[in-house]
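# Observations on the model geometry
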Amino acid sequence: MLMYCSQSSPESADKETSVTPAQEKSPVSTDPLENKGIGPITSLKLGPIDQALVEEGQVLYQELCTACHKPNEKFIGPAPAGIMSRRSPEWVMNMILNPDEMLRKDPIAKQLLVEYNMAPMANQGLTEDQARNILEYFRTLE
Amino acid sequence: MKNMISNNTFVLAVIALISFSCTPQGNNPGVLEASNAASKVYVAPGEMDEFYAFLSGGFSGQVSVYGLPSGRLLKVIPVFSVDAEKGYGFNEETKPLLNTSFGFIPWDDAHHPELSQTDGVPDGRWLFINGNNTPRIARLDLSTFETVEIIEIPNSGGNHSSPFITENSEYIVAGTRFSVPFPQKDVAIDSYKENFKGALTYISVAPESGEMSLAFQILVPGFDYDLAHSGKGKSHGWTFFTTYNSEQSNTLKEVNASQNDKDFIAAVNWKKAEEYLAQGKAKTVASSYTRNLYNERAHLATSETLEEVQVLIPSECPGLIYYIPTPKSPHGVDVDPTGSYIVGNGKLSADLTVHSFDKMIAAIENESFETEIDGIPVLNFEDVVAGTVESGGLGPLHTEFDGEGNAYTTFFISSEVVKWKLETWEVLDRIPCYYSVGHLMIPGGDSKKPWGKYLVALNKITKDRYLPTGPELNQSAQLYDISGNKMELLLDFPTIGEPHYAQGIAADIIKPRSKKIYKLDENEHPHAIKKEDQARVEREGDVVRIYMTSIRSHFAPDNIEGIKVGDKVYIHLTNVEQDWDTPHGLSVMGARNSEILVMPGQTETLYWEPQRPGVYPFYCTDFCSALHQEMQGYIRVSDSDSDTPLKWSLGESPA
């Protein structure tokens, strides 16, 4: 008789299950600006716009994001223009840094996945600093 | 001299084996009760194996990677043969890896994988494997599990006694199994004894990069140099090569190469060779051979042709090489973990001959030589032999060790593994193999520190072990538990091609080094593009280069017009994904080529010569997302004299 207790690996990378709608209820607020998403960023205070960060973020955005996101128009995914009035900064960074879990558990991300034709947000392997720079660039997009 | 009785014995034994093999197996001796065996090989879903096993693919030309103890196939790594699944040898980037002095060769016969070592212990950095047919050695990088280098061995035929690394990966070796004229020339085959020579080649391995260079060759009599192992510990600095056909026959070797009662183990002092090289004793010999190197950052292999080798002649280099008489056409030669004993597996015999390294050194110091062949002193058998293992089996081929003072030898003719004790030479246990075992592998079992838990028997005959699949059957591996006093058969699993030798290593050594992606910002491919807005098509004469990106789930561009019949089209696809396990494939209808399969951050090139006007679909071949089916595009091909303008686009009509 065999008894095995194993935890599923957090890294289990199944290309198709990454779009599986999850059943669990999320504890997050229904106000999008209150929803910080799920991931490494739990709290972020924004100061004045830092132009150096903006420039670095813009370069990263062009290299790693534009295959799916045009700044000002809907493409494969949504346009980031005006995103700071729709989402919390934590949510934006968590969506960049932790898209697989966000797509499974976060109610807004789940809804966006359906709205955008089941095209999943790709994890581009960014560091927190890089995601922060991209966020700063987004702050300049009206 | 060997008489006809031994040959008759061999034939009878083969017949006995065939009848044995065809007998239904009622009880499998040594097999654990099924549920007990199952629990020992059960790796639960989501759990991982304890060991990596790298099995040669033999005539498939590849290396297959298995997990142990489950026997699960993890990957087939293309090495010497093209592999359409991965685009290997089909994309422009990897074609140069298969270049030789004879041009592009899509196949070889891969025999002996050998892990790189540090201090005599597998270090998990590289895996080397020999190509037997057109002599070559390949290096695989175990952070990417890809072939990254192939070097051709000149002046050799049948690179069999290879690569068998030294204990700090200073050298890998390449002894010729089929001696050939040296240098190659047009001579009568029956002038063998006059014109044919063997070459024992040493290839140095750069400590940091792993890059191989041909350091020197030793010119030796035209015997068949069959297998090898390098010394370790006290015998570090030496390599031992078995020989057969010391008769130097060139025909009906089955009989004519089995006349001498003893052939030789050649003992090469490679540190002495280094001294002679430093003294300028080597002759420079013109020899054309290729060295092909894959640059991981450029994602591109290049091939260079080299024109000369340094050759040492034994008669001019005393102390470089000795012959140790060893009975019955020895096949494998295996050095125990302490480096003290050299096991000669006399394949036409029942017994194993074990030589003592210390006695060998004493005999050399006493200059106790039986004779000399082409300047190579032949030691006296009695001076060097440490013991004989009277096994009761037939046809010993290979021996590995468990690090606990025990050795395990395969017997091809009697189809079994025999466990015996070093220094007492007594047989401790034996267990059958199904059927006709060749090599065996204990993880680390040819190193200083074996992981003596499992043994894998690599069998030549499968017969009735699996569901039948017509005349051709996959060959078979069998896993044994050797942690107790008695060996226990746990598992059968099929293999890709013919597994000659194999290597095993604790998974924990390799796992942390395994890469998940190639970083896009480190991509130095000359035709990479890193942003979708750089996607474009360029024409120069009849050469058209399509610079394309992929990300879930589209190619950019996906509509292309202005290609003409007769164009030479290069599609340079950069996969701009940066997540693990997100490759994209690309294939084009009618392209006389395979797909390409591009890893995240990598660039690969599909070459296509369009033949007929029309519109040709291309698409992603590796299911990548829910919108994978939509990941497709079209290329319009016009007549060669048309004036269709060059256009490309994504998400709009071509403009």
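Since the structure is predicted, the reported quantities are computational estimates derived from the model, not experimental observations.

Counting secondary structure elements, chain B contains eight helices and 46 strands. The C-alpha radius of gyration computed for chain B amounts to 27 Å, which stays within 12% of the reference 26 Å derived for 655 residues, consistent with globular compactness. When its C-alpha atoms are laid out on the principal axes, chain B stretches across 85 × 65 × 40 Å. Burial analysis of chain B (655 residues in total) assigns 54% to the buried set. Looking at chain B alone, contacts between residues at least 24 apart form 62% of all its contacts between residues at least 6 apart.

Here we take up the overall build of chain A. Within chain A one finds five helices and zero strands. Sequence-ordered secondary structure for chain A, helices as α and strands as β, is α-α-α-α-α. Here chain A holds 142 residues, and the buried ones make up 33% of them. Restricting to contacts in chain A with at least 6 residues of sequence separation, those with at least 24 account for 78%.

Okay, the sheet that holds strand E21 (residues 330–335) of chain B next. Residues and elements named next belong to chain B. Read across the open sheet, the four strands follow the order E21-E22-E23-E26; overall the sheet is antiparallel. If you trace the sheet from one side to the other, it starts and ends with E21 and strand E26 (385–390), each paired once. Adjacent strand axes in the sheet meet at a mean angle of 20 degrees when their direction is disregarded. Direction of pairing for strand E23 (residues 351–356) relative to E26: antiparallel, over a ladder of five bridges. Across the sheet, the residue bridging to histidine 355 is valine 385, located in E26. Sheet strands in contact with helix H6 (residues 357–365) are strand E22 (341–346), E23 and E26, and its direction is about 60 degrees off that of E23.

The next subject is the nonpolar core. In this structure, B:Leu455 and B:Val456 are the most contacted members of the largest nonpolar core, which totals 133 residues. Setting aside chain neighbours within four positions, we find B:Val456 in contact with B:Ala53, B:Leu440, B:Met441, B:Ala477, B:Leu479 and B:Ala502.

Residue and element names in this part refer to chain A. Running from N to C, helix H2 (residues 89–97) and helix H5 (residues 128–139) point in directions that differ by 130 degrees, and their axes come no closer than 10 Å. The orientation of H2 with respect to H5, classified from their angle, is oblique. Seen along the crossing, H2 lies across H5 with a hand that is right-handed. Residue-level contacts link Pro89, Val92, Met93, Ile96 and Leu97 of H2 to Glu128, Ala131, Arg132, Ile134, Leu135 and Phe138 of H5. Taken together, the residues that form the contact of H2 with H5 break down as nine nonpolar, no polar and two charged.

So, about the sheet that holds strand E32 (residues 454–459) of chain B. Residues and elements named next belong to chain B. One open sheet accounts for four strands, arranged E31-E32-E33-E34; its pairing is antiparallel. Looking along the sheet, the strands with just one partner apiece sit at the ends: strand E31 (437–441) and strand E34 (488–495). Neighbouring strand axes in the sheet, compared pairwise and without regard to direction, differ in orientation by 25 degrees on average. Of the strand pairs in this sheet, E31 and E32 are connected by three bridges, and their pairing is antiparallel. Each residue of the ladder has a partner; that of leucine 440, found in E32, is alanine 457. Contacting strand E33 (475–481) and E34, helix H2 (residues 34–41) runs over the sheet at an angle of about 60 degrees to E34.

Next up on the list: the packing of helix H1 (residues 51–64) of chain A against H5(A). Residue and element names in this part refer to chain A. Here H1 crosses H5 at 105 degrees, and the two axes come no closer than 7 Å. By the angle between their axes, H1 is roughly perpendicular relative to H5. Contacts between H1 and H5 involve Leu53, Val54, Glu56, Gly57, Gln58, Leu60 and Tyr61 from the former and Gln130, Arg132, Asn133, Ile134, Leu135, Glu136 and Tyr137 from the latter. Residue classes in the contact of H1 with H5 are distributed as seven nonpolar, four polar and three charged.

What follows covers the pairing of strand E13 (residues 196–205) of chain B. Residue and element names in this part refer to chain B. For E13, a buried count of eight out of ten residues is recorded, marking the element as mostly surrounded by other parts of the structure. Inspection of the sheet shows strand E11 (residues 171–176) paired to E13 by five bridges, in the antiparallel sense. Opposite glycine 175, over in E13, you have leucine 200 as the bridge partner. When strand E12 (residues 180–181) meets E13, the two strands line up antiparallel, connected through two bridges. Residue pairing across strands places proline 181 opposite phenylalanine 196, the latter belonging to E13. Summarising the sheet, E13 and strand E14 (residues 212–221) pair through nine bridges and their orientation is antiparallel. When the sheet's bridge partners are listed, threonine 201 is paired in E14 with glutamine 217.

To continue, consider H6(B). Residues and elements named next belong to chain B. All of the buried residues in H6 are Phe357, Met360 and Ala363. Along the axis of H6, the buried positions cluster into a sector of 120 degrees, meaning they face one direction only. For H6, the elements touching its buried residues are strand E17 (262–269), strand E20 (321–327), E22, E23, strand E25 (376–379) and helix H7 (381–384). Residue glutamate 367 follows H6 closely and has a positive phi angle near 50 degrees.

Of the residues lining the interface, 24 residues belong to chain A; the matching set on chain B comes to 27 residues. Taken together, the residues of the side of chain A that touches chain B break down into twelve nonpolar, ten polar and two charged.

Residue and element names in this part refer to chain B. Taken domain by domain, chain B consists of domain 1 (4–513) and domain 2 (529–649). For domain 1 and domain 2, the distance between their C-alpha centroids amounts to 43 Å. The interface of domain 1 with domain 2 comprises eight residues on the first partner and twelve residues on the second. Residues belonging to the side of domain 1 that touches domain 2 are distributed by class as follows: two nonpolar, three polar and three charged.

Glancing now at unusual backbone geometry. Across the junction of B:Tyr434 and B:Tyr435, the peptide omega takes the value -5 degrees, indicating a cis bond. Tracing the backbone through its elements, the reader meets B:Tyr435 in the loop between strand E30 (427–432) and E31. Looking along the chain, the bond that leaves B:Ala556 and enters B:Pro557 is cis, with omega of -5 degrees. If you trace the backbone, B:Pro557 turns up in the loop between strand E38 (554–556) and strand E39 (559–564). At A:Asn117, a residue that is not glycine, the phi angle is positive and equals roughly 65 degrees. Along the chain, A:Asn117 falls in the loop between helix H4 (107–115) and H5.

What counts, and at which threshold
- Residues numbered from 1 in each chain as written.
- Chains lettered and ligands numbered in written order.
- Predicted model: local features only at pLDDT ≥ 70, side-chain atom pairs only at ≥ 80, totals over all residues.
- Helix = DSSP H or I, 4+ residues; strand = E, 2+ residues; numbered from the N terminus.
- Rg over C-alpha atoms; globule rule 2.2 N^0.38 Å.
- Buried ≥ 20, exposed ≤ 12 C-beta atoms within 10 Å, placed from the backbone.
- Contact = placed C-beta atoms within 7 Å.
- Pairing = 2+ DSSP bridges.
- Axes fitted to C-alpha atoms, helices over the stretch in contact; angles between N-to-C directions.
- Core = buried A, V, L, I, M, F, W, Y, C linked by C-beta atoms within 7 Å.
- Parallel < 35°, antiparallel > 145°, perpendicular 65-115°, else oblique.
- Left-handed = near helix turned anticlockwise from the far one by under 90°.
- Nonpolar A, V, L, I, M, F, W, Y, C, P; charged D, E, K, R; others polar.
- Arc of directions from axis to C-beta.
- Domains from an automatic or database assignment.

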